[in-house]
Number of protein chains: 4
Amino acid sequence: MIFKEPAEIECFGECTVPSPAGYEFYTMEGSRVAYDAIFDPGEEINPAEIRFFEQAGPREKIFFEPSKVKAGIVTCGGLCPGINDVIRGIVMELHYRYGVKDILGFRYGYQGLVKSCGHEPVKLTPHSVRDSMYYGGSILSSSRGNQDPVKMVDYLVELGIDMLFTIGGDGTLRGASAIAEEIKKRNLKISVIGVPKTIDNDIHLIEKTFGFSTAFAEAVKAVNSAYVESVGAPNGIGLVKLMGRHSGFIAANAALASRHVNFVLVPENDFDLYSEGGFLEALKQRILSRHHAVVLVAEGAGQKFFGDDGQRDASGNKKLVDIGPFLKDAIIEFFKSQNIEINLKYIDPSYQIRSVPANADDAVFANFLAQNAVHAAMAGKTNMVVGLWHNVFTHVPISMAVAERKIIKTDKDPLWRSVLATTGQPAHMLCQKGCTEP
Amino acid sequence: MIFKEPAEIECFGECTVPSPAGYEFYTMEGSRVAYDAIFDPGEEINPAEIRFFEQAGPREKIFFEPSKVKAGIVTCGGLCPGINDVIRGIVMELHYRYGVKDILGFRYGYQGLVKSCGHEPVKLTPHSVRDSMYYGGSILSSSRGNQDPVKMVDYLVELGIDMLFTIGGDGTLRGASAIAEEIKKRNLKISVIGVPKTIDNDIHLIEKTFGFSTAFAEAVKAVNSAYVESVGAPNGIGLVKLMGRHSGFIAANAALASRHVNFVLVPENDFDLYSEGGFLEALKQRILSRHHAVVLVAEGAGQKFFGDDGQRDASGNKKLVDIGPFLKDAIIEFFKSQNIEINLKYIDPSYQIRSVPANADDAVFANFLAQNAVHAAMAGKTNMVVGLWHNVFTHVPISMAVAERKIIKTDKDPLWRSVLATTGQPAHMLCQKGCTEP
Amino acid sequence: MIFKEPAEIECFGECTVPSPAGYEFYTMEGSRVAYDAIFDPGEEINPAEIRFFEQAGPREKIFFEPSKVKAGIVTCGGLCPGINDVIRGIVMELHYRYGVKDILGFRYGYQGLVKSCGHEPVKLTPHSVRDSMYYGGSILSSSRGNQDPVKMVDYLVELGIDMLFTIGGDGTLRGASAIAEEIKKRNLKISVIGVPKTIDNDIHLIEKTFGFSTAFAEAVKAVNSAYVESVGAPNGIGLVKLMGRHSGFIAANAALASRHVNFVLVPENDFDLYSEGGFLEALKQRILSRHHAVVLVAEGAGQKFFGDDGQRDASGNKKLVDIGPFLKDAIIEFFKSQNIEINLKYIDPSYQIRSVPANADDAVFANFLAQNAVHAAMAGKTNMVVGLWHNVFTHVPISMAVAERKIIKTDKDPLWRSVLATTGQPAHMLCQKGCTEP
Amino acid sequence: MIFKEPAEIECFGECTVPSPAGYEFYTMEGSRVAYDAIFDPGEEINPAEIRFFEQAGPREKIFFEPSKVKAGIVTCGGLCPGINDVIRGIVMELHYRYGVKDILGFRYGYQGLVKSCGHEPVKLTPHSVRDSMYYGGSILSSSRGNQDPVKMVDYLVELGIDMLFTIGGDGTLRGASAIAEEIKKRNLKISVIGVPKTIDNDIHLIEKTFGFSTAFAEAVKAVNSAYVESVGAPNGIGLVKLMGRHSGFIAANAALASRHVNFVLVPENDFDLYSEGGFLEALKQRILSRHHAVVLVAEGAGQKFFGDDGQRDASGNKKLVDIGPFLKDAIIEFFKSQNIEINLKYIDPSYQIRSVPANADDAVFANFLAQNAVHAAMAGKTNMVVGLWHNVFTHVPISMAVAERKIIKTDKDPLWRSVLATTGQPAHMLCQKGCTEP
């Protein structure tokens, strides 16, 4: 990963308008956060090679004239705890700190930015968002998939929008970038600021995303149910499918928090099913010795068992085959073939996890993201997303954030080391010799 | 329903041993609870026709000599919140009030009562059950299905058990009754006392079963998730399958508590799917007018769509076909055929619901059941189950309790009236004219 | 307690208007619920002596012409979980079932019914109450104390109110009755229907009040905290003051649900502090033997230690002296005098208990109360309160409901028997011989 | 703050024993974490001036021979969510990874390390700590105050302890350091490793302490209750006292998460009560304009109103006067003097907050702390505490950690900036002109 110092953020021009926000203190433009923090023994530090993020925060001088600003908010992709906290935070900050009273909420994701889709935008006010943090989901609703940037910018122009806040993940950010490019092509000054939303916590260069803390806490409840079921019947197996298309952060953290998990299967860690050394053999050993087991599987794990048929969902993500029922069937068949009676209970809690309101940590965090998104927009920045690094809020160019995905590095991340220690699962569940994987 | 007054409870003989329980006051043998309470206008009451239950409670004189008693506890069938509270309550009452120190827990349901199954019983003490109420499930584990009463009584005799507490539902109670009959045949004096456990709350003549309050409160969480999902996407439909093999009490109460439900499909209420007047047409109207809907379906609803292939589970219950995925597919196909794009989210929270610890209400209730079960056993009663009627604890012969099931009477129960009022669903979703149900 | 059968409910006249509610079935006027259900062995039942309540429910014919009805709602006294559920239920039932669109919410309790107080009533609509059940407290706010019935009726007349729903406890019901009497004096037809609210669950002739289930479940959390604190320090004592001015239902149920409580002090059970046989001696024995203890005290317990100085609160209730800090100081002083080091932690969770939203049980229950209150009002009944008896909703004349209070009968209630069994506390903590109570 | 790079950790000697932990990968001795991460615009970075922490983690070579190791654990000071998670994590890591089977738990804090106090240590095994994370508090109990290091080391030597894990805050760490010094004086090799515990989250050089996330989430519940109470009565004021002896992190975060708070009073921010510009005047303005208010006060705020009478608690902390009741009385008196009727509800939830089990975040975090504490001890390090910096686990010399306290920097911390923005409270509530503060 290579980036300039500080990672350069697009900007519409010089900030000359005194901020009306009335803060006690402001963040200096140019303040930086170092990317690297851990150094090997004896490693020499070359100041010229240190990489930085731009620090987020309110600027004393801003770009837009607040009294004339019209803002828009859109929420895209799957639900995630805390979306409403972000919406609320943006509205409150715009309204009370900057005096921006004209705020529109676009409904049903990017569909709402295409006039012909017919979803009328709604006016957002402090009153209308006041209690939104009590509800899960998005008060604006959402949808998957991108739309034509030309049509979206047409509508933004027609509505006179000066700044657009897009709350969404990888696909949404690509869409936001396409909007920003179209705006640039037309030489307009409409700020496009992303607030990163991914319940999987897998956005590159961003330490943590809102909703993740809530999500894995909810996941723990399902895991504990699986544990109770597993010990409640002879040779009980509790199998829980959790979110995690490309990274297993939720599964890994849920396993650590629950402490009742025996196997965690994640996309980052290849595993085989059959024959010596594979997962099923390890599970059999566990059942024979302890008579119950809890297995977590992230939805993106084991995709090698399915091949790629080229299918994509509306957001352009590769359509994953559902590993949950596949694994459930494989386990049942396997133990039948071994003449071992088991009682498998399969739990898929995904919708229940993602639809709850944000917990206290995420509520605070989502609010900070929202406020910093507003600061960035008011300062005329665009095509960027608000991030977090070393617990400091940052600005990250969208192009950098979507360049790759954050994953668990199973060969050096203490998180994975702790998962192995806590579960006692074999580090490698791959066939030791010629095996007959399907 | 016809029964003698008070419904006659089998008993081993006269109670002559002074109770060591040291209570401030006792319940008189012969104290009765009237079955009927509601009378039509002008209805005359004939005292000779009033039907009664025997009232439960500690007796001043008991049948067994406590110092010589050896007790056993077994938990059967599916998990349910509060099982551990009942176990704990029985152990504490036996130990501290009656001085019974010799208590065995049989593991894995009735399997544990068959010596050859090899599940060694565990000794239960106040210390070993002390914190059990913090955990869901059963500390004794459970299993489905009955076992040979001859083998079970053989083992009870071998172990010297004087009283057996069976915690379970319909099937378990039939099993308990078979054990009691076998004991009678051998002219033994082993008390068999049932504590009714059914998360569906469907045991005849018993007002309420433990775990039900907790269960529908948990169900509400899933329903609220379904609601959040339904409003979070264009034409969102949240479909939740809930427990309820023969009765829809959980679904009905969850709908009332959540207040976000548009359709409740229960076993007691026949419905068609296709053509005019059927469920799918009603759902379509809802989607077209409001663009989101929440549907609850109890697992035993709509079994007419599947026929009876004669399959039975280990407990002897007819194997229900899973209405959840069937209905999910039917809805998706239907809207596809209508060219209406929907976003259906299917939630099956059953294991998550039944595996949580009891809430405060159920904790108190389960404890009362446990104590009254002990009182009944000490008084030499047998082949009965502890019940509740007009909020008074009662003794009910097992034969009466299993004679039929409690269901929602959709033509006169205020519960169902309120469900219709709250959801706004049509009272009858049956084809109005010649229709093409599969 | 003596009352006519069925307890006679005041009514404005014959019901001749066909109900527009469109229910599948209705409750017959004159349907009755028997008061007595438990009978002693051998007790003869004289049908002429059976006492009844009138059964609540929607009537097929009603008194008021719904399209002309204007309704008002007021919430009085202390907060309680579920108030908003009742408000919501009344508004929804009036609006959707009976077509009553004109509904006012009076703010700040009976103050809102006095025009000169200046609290403008607010219009209540399905939209405005839609999400109210998510919040604790009352969306109408509340206040303590009655107001002049003349002024209140003046305002009702000025506003054209036809039916007033008063949600409140003992004091509120007396106020409602005074309003009803004033209305009668003026020969008006304004229905006054009470929905009983008392977190203490102490209203006479009413089996259960909304919010109680939620309240004692919340209380259990505080009790469990007290337990954790008590075992977390040498000779730890956790002292929790709970609600319960005249009855100890919350404390008793919290003790049963928690199972960590050693002493429950309630208003119904006299106790002494000092000298042999008193509470402090019993507590000392517990500390010396087990080194930790949990004590619950209901706020109205031990008032004999304070005398009556004649003070009354705004609702006319005798001002209780706060037993909590008094007992805390007494315990600390006592152990100091005994040279025993203790660590006492005092917890007063009252506001935290009463301000949470209703749990699932209370949500369902509050909704039923609300619907039945509407049915009663539409049927032209007045000066009554909606009750529950043998799990059936009833009509109770206010005069009967306020005639006395429901308390725990410590000499025959199985609840108290179970408290003694569970805590192990002495049944009587009164000085055995000449003692020196202050 | 000045420290060597990396902050030098005391160590008993070279690590020569191969670790039996069987980890997939290890942390290199000498791996470092940079202290500074944020740089001003244009600021030049001098590599020679960069300050570092030593990185925590399992070492490939360790100091102690695991099979001979005997370990001890002690928990001191006030309760905090997660203590049992730390105990459990230490026991599990020692037992399963390093094969250390001989582990003692000292009871009642440092009292348990003094033989003559008579608290027998308990043997800790995987079985005995297995479910400890379900309970709040400490399974070892705790106590305040230090003990004579000579006596404590005597007992450690007598028992043959090789490593002592002390879970506690500032005072406990000073005590641990005194023990380590005494050990050094005697030329013994007993490792003393601190796990920082402070619910206030105020330990210097340590980013986050376990239990804090849980604590402020619990605090939010109390704050929300205060809000419900404040809007539930005319001119309602909800006053909540929260933990925070020297720093207001809990109050600040609870305010941000709740979003219903109007004033946050913390130790770091001086304020006056009376006269123009003071707190009470600001509160009055709020009440007159909005008729309700929520006030949070950290226990250490406003100590200037009391002077220092020199009193210290058993842990050597200055005895704070209880600001809560003082402020409550001041507010009541003030509004009485202004002839404004208010309804103040005072909530002190401290014991309820600190006694709950750890939430999912804290569970994971506590476990990591525990594991890293074990790694450090096995590597022969001593007189240090496990920390966190830039989300990386670190080793911090106790002397550095106790040198000062972490506080909210009200002139540059974005946390405080956000509190001011969210509450709308004046940044400075000090008398503008001659005022009459007591």
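A quick note: this is a predicted structure, and the numbers were derived from the prediction, not measured.

Undergrad: Got a sec to walk through the overall build of chain A? Specific residues and values, please.
TA: A count of helices and strands for chain A gives 12 helices and 18 strands. Overall size of chain A, expressed as C-alpha extent along the three principal axes, is 75 × 60 × 40 Å. A total of 438 residues make up chain A; the buried ones form 63% of that total. Here the contacts in chain A between residues at least 6 apart in sequence split such that 79% fall between residues at least 24 apart.

Undergrad: Describe unusual backbone geometry, with residues and values.
TA: Positive phi, normally seen in glycine, also occurs at Ser141(D), with a value near 60 degrees. Note that Ser141(D) resides in the loop between α2 (126–129) and α3 (149–159).

Undergrad: Residue-level account of the interface of chain D and chain A, with values.
TA: On the chain A side, the residues contacting the 51 residues of chain D number 51 residues. Counting residues per element, the side of chain D that touches chain A draws most heavily on helix α10 (residues 360–378) of chain D, which supplies 7 residues. In terms of residue class, the side of chain D that touches chain A is made up of 27 nonpolar, 13 polar and 11 charged. As paired strands, strand β3 (residues 32–34) of chain A and strand β4 (residues 38–39) of chain D are joined by 2 bridges and run antiparallel to one another. In the sheet register, Arg32(A) faces β4(D), and the bridge partner there is Phe39(D).

Undergrad: Could you give me a rundown of the relation of the copies chain B and chain A, with the residues and numbers involved?
TA: With an RMSD of 0.0 Å, the operation that places chain B on chain A is a rotation of 180 degrees combined with a shift of 0.0 Å along the axis. Both chain copies can therefore be described as sitting about a two-fold axis. Both copies contact each other with a shared surface, as 100% of the interface residues of chain B are interface residues in chain A too.

Undergrad: Give a detailed account of the sheet that holds strand β11 (residues 191–196) of chain B, specifying residues and quantitative values.
TA: The 10 strands lie next to each other as β9(B)-β8(B)-β7(B)-β10(B)-β11(B)-β17(B)-β18(B)-β5(B)-β3(B)-β4(C), forming an open sheet whose pairing is mixed. The sheet terminates laterally at β9 (122–123) of chain B together with β4 (38–39) of chain C, the two strands that pair on one side only. Against the sheet, helix α4 (residues 170–185) of chain B touches β10 (163–168), β11 and β17 (384–389) of chain B, its axis set at about 170 degrees to β11(B). Where helix α10 (residues 360–378) of chain B meets the sheet, it contacts β10, β11, β17 and β18 (392–397) of chain B, and its direction lies at approximately 165 degrees from that of β11(B).

Undergrad: So what about the confidence of the model for chain A? Which residues, and what values?
TA: Averaged over every residue, the pLDDT of chain A is 93; residues scoring 70 or more account for 95%. What the predictor reports for the complex is a pTM of 0.96 with an ipTM of 0.94.

Undergrad: Explain the relation of the copies chain D and chain A to me, using residue names and the numbers behind them.
TA: Superposing chain D onto chain A takes a rotation of 180 degrees combined with a translation of 0.0 Å along the rotation axis, leaving an RMSD of 0.0 Å. Both copies share a contact surface, since 100% of the interface residues of chain D are interface residues in chain A too.

Undergrad: Can you lay out the nonpolar core for me, pointing to particular residues and giving the numbers?
TA: Formed by 576 residues in total, the largest nonpolar core has its most connected members in Leu296(A), Leu296(B), Leu296(C) and Leu296(D). Those residues in contact with Leu296(A), other than ones at most four positions away along the chain, are Val223(A), Val240(A), Leu242(A), Ala251(A), Ala254(A), Ala255(A), Val261(A), Phe263(A), Val264(A) and Leu265(A).

Undergrad: Explain the environment of Val69(B) residue by residue, including any values.
TA: Residues and elements named next belong to chain B. Residue position: Val69 is located in the loop between β6 (61–62) and β7 (70–75). We classify Val69 as buried; it has 22 C-beta atoms within 10 Å. Residues Val69 and Lys241 lie 172 residues apart in sequence; the distance between their C-alpha atoms is 45 Å. The residues contacting Val69, other than those within four sequence positions of it, are Phe64, Val100, Asp162 and Met163.

Undergrad: Got a sec to walk through the sheet that holds strand β18 (residues 392–397) of chain A? Specific residues and values, please.
TA: Spatial strand order, β9(A)-β8(A)-β7(A)-β10(A)-β11(A)-β17(A)-β18(A)-β5(A)-β3(A)-β4(D): 10 strands in an open sheet with mixed pairing. Both edges of this open sheet fall to β9 (122–123) of chain A together with β4 of chain D, since each of them pairs with a single strand only. As paired strands, strand β11 (residues 191–196) of chain A and strand β17 (residues 384–389) of chain A are joined by 2 bridges and run parallel to one another. Looking across to β17(A), one finds that Gly194(A) is bridged to Val385(A). Sitting on the sheet, helix α4 (residues 170–185) of chain A touches β10 (163–168), β11 and β17 of chain A, and the angle it makes with β11(A) is about 170 degrees.

Undergrad: Account for the pairing of strand β8 (residues 102–106) of chain D, naming residues and giving values.
TA: Residues and elements named next belong to chain D. Among the 5 residues that make up β8, 4 are buried, leaving the element largely enclosed by the rest of the structure. For strand β7 (residues 70–75) and β8, the ladder comprises 5 bridges, and the chain directions are parallel. By the bridge assignment for β8, Val74 is matched with Phe106. Tracing the backbone out of β7, into helix α1 (residues 83–97) and back to the parallel element β8 gives a crossover that is right-handed. Looking at chain direction, β8 and strand β9 (residues 122–123) are connected through 2 bridges and run antiparallel. Within β9, the position partnered with Leu104 by the bridge is Lys123.

Undergrad: I'd love a proper account of the interface of chain B and chain A, names of residues and values included.
TA: Listed as interface residues are 23 residues of chain B and, on the opposing side, 23 residues of chain A. Counting only elements with at least two residues in the side of chain B that touches chain A, the list comes to α5 (212–231), β15 (343–347) and α9 (350–354) of chain B. With 5 residues, α5(B) is the single largest residue contributor to the side of chain B that touches chain A.

Undergrad: For the packing of helix α6 (residues 249–258) of chain A against helix α12 (residues 414–423) of chain A, give the residues involved together with the corresponding values.
TA: Residue and element names in this part refer to chain A. Relative orientation of the contacting elements α6 and α12 amounts to 45 degrees, with a least axis distance of 10 Å. As the angle between them shows, α6 and α12 are arranged oblique. The crossing of α6 and α12 is left-handed. Here Ala252, Ala255 and Leu256 of α6 lie close against α12, whose contacting residues are Leu415, Trp416, Ser418, Val419, Thr422 and Thr423. Residues belonging to the contact of α6 with α12 are distributed by class as follows: 6 nonpolar, 3 polar and no charged.

Undergrad: Just give me the short version of helix α3 (residues 149–159) of chain A, but keep the residues and values in it.
TA: All names here are of chain A. Those residues of α3 lying buried are Pro149, Met152, Val153, Tyr155 and Leu156. On an axial view of α3, the arc spanned by its buried residues comes to 160 degrees, and they lie on one face. Where α3 is buried, its residues meet β7 (70–75), β10 and α4. Looking one or two residues beyond α3, the residue adopting positive phi is Gly160, at roughly 75 degrees.

Undergrad: Mind laying out the environment of Gly300(B), listing which residues take part and the relevant values?
TA: All names here are of chain B. Secondary-structure assignment places Gly300 in the loop between β14 (292–298) and α8 (323–337). Taking the number of C-beta atoms within 10 Å as the measure of exposure, Gly300 has 23 and is therefore buried. The spatial distance from the C-alpha of Gly300 to the C-alpha of Val321 is 8.2 Å, given a sequence separation of 21 residues. In this view, Gly300 contacts Gly244, Arg245, His246, Pro267 and Leu320; residues no more than four positions away in its chain are not counted.

Undergrad: Hey, could you go over the environment of Gly105(A) for me, with residue numbers and the actual values?
TA: Residues and elements named next belong to chain A. Structurally, the position occupied by Gly105 is in strand β8 (residues 102–106). With 24 C-beta atoms counted inside 10 Å, the residue Gly105 sits in the buried group. For the pair Gly105 and Leu164, spaced 59 residues apart in sequence, the C-alpha to C-alpha distance is 9.8 Å. Setting aside chain neighbours within four positions, we find Gly105 in contact with Ile73, Pro121, Val122, Leu124 and Leu140.

Undergrad: Break down α8(B) for me, citing the residues and quoting the values.
TA: All names here are of chain B. For α8, spanning 15 residues, the distance from its first C-alpha to its last is 21 Å, which sits close to the expected 21 Å at 1.5 Å a residue. When α8 is considered as a whole, its buried residues turn out to be Ile323, Gly324, Leu327, Lys328 and Ile331. Axial view of α8: buried residues confined to an arc of 135 degrees, hence all on one face. In α8, the exposed residues that point more than 90 degrees away from the buried face are Asp329, Glu333, Lys336 and Ser337. Once α8 finishes, Asn339 follows within two positions and takes phi at roughly 55 degrees, a positive value.

Undergrad: Provide a residue-level description of the domain arrangement of chain A, including the pertinent values.
TA: All names here are of chain A. Split by domain assignment, chain A resolves into domain 1 (10–209 + 358–401) and domain 2 (212–355 + 410–423). Just the C-alpha atoms count here: the centres of domain 1 and domain 2 sit 34 Å apart. Of the residues in the side of domain 1 that touches domain 2, the class split is 5 nonpolar, 10 polar and 6 charged.

Undergrad: Break down the packing of helix α5 (residues 212–231) of chain A against α6(A) for me, citing the residues and quoting the values.
TA: Residue and element names in this part refer to chain A. Two elements in contact, α5 and α6, have axes whose closest approach is 8 Å; the angle formed by their N-to-C orientations is 60 degrees. Between α5 and α6, the interaxial angle falls into the category oblique. Considering how the two elements wind past one another, α5 and α6 form a crossing that is right-handed. Where α5 approaches α6, its residues Ala215, Phe216, Ala219, Val220, Val223 and Asn224 are matched on the opposing element by Ile250, Asn253, Ala254, Ala257 and Ser258.

Undergrad: For the pairing of β10(B), give the residues involved together with the corresponding values.
TA: Residues and elements named next belong to chain B. A large share of β10 lies buried, amounting to 6 of its 6 residues. Relative to β11, β10 runs parallel, the two being bridged by 6 bridges. By the bridge assignment, Met163 is partnered in β11 with Ser191. Handedness of the crossover joining β10 and β11 through α4 is recorded here as right-handed.

The rules we used
- Residues numbered from 1 in each chain as written.
- Chains lettered and ligands numbered in written order.
- Predicted model: local features only at pLDDT ≥ 70, side-chain atom pairs only at ≥ 80, totals over all residues.
- Helix = DSSP H or I, 4+ residues; strand = E, 2+ residues; numbered from the N terminus.
- Buried ≥ 20, exposed ≤ 12 C-beta atoms within 10 Å, placed from the backbone.
- Contact = placed C-beta atoms within 7 Å.
- Nonpolar A, V, L, I, M, F, W, Y, C, P; charged D, E, K, R; others polar.
- Pairing = 2+ DSSP bridges.
- Least-squares fit on C-alpha atoms with pLDDT ≥ 70 in both.
- Axes fitted to C-alpha atoms, helices over the stretch in contact; angles between N-to-C directions.
- pLDDT = per-residue confidence, 0-100.
- Core = buried A, V, L, I, M, F, W, Y, C linked by C-beta atoms within 7 Å.
- Right-handed = clockwise from strand over helix to strand, strands pointing away.
- Parallel < 35°, antiparallel > 145°, perpendicular 65-115°, else oblique.
- Left-handed = near helix turned anticlockwise from the far one by under 90°.
- Arc of directions from axis to C-beta.
- Expected span 1.5 Å × (residues − 1).
- Domains from an automatic or database assignment.

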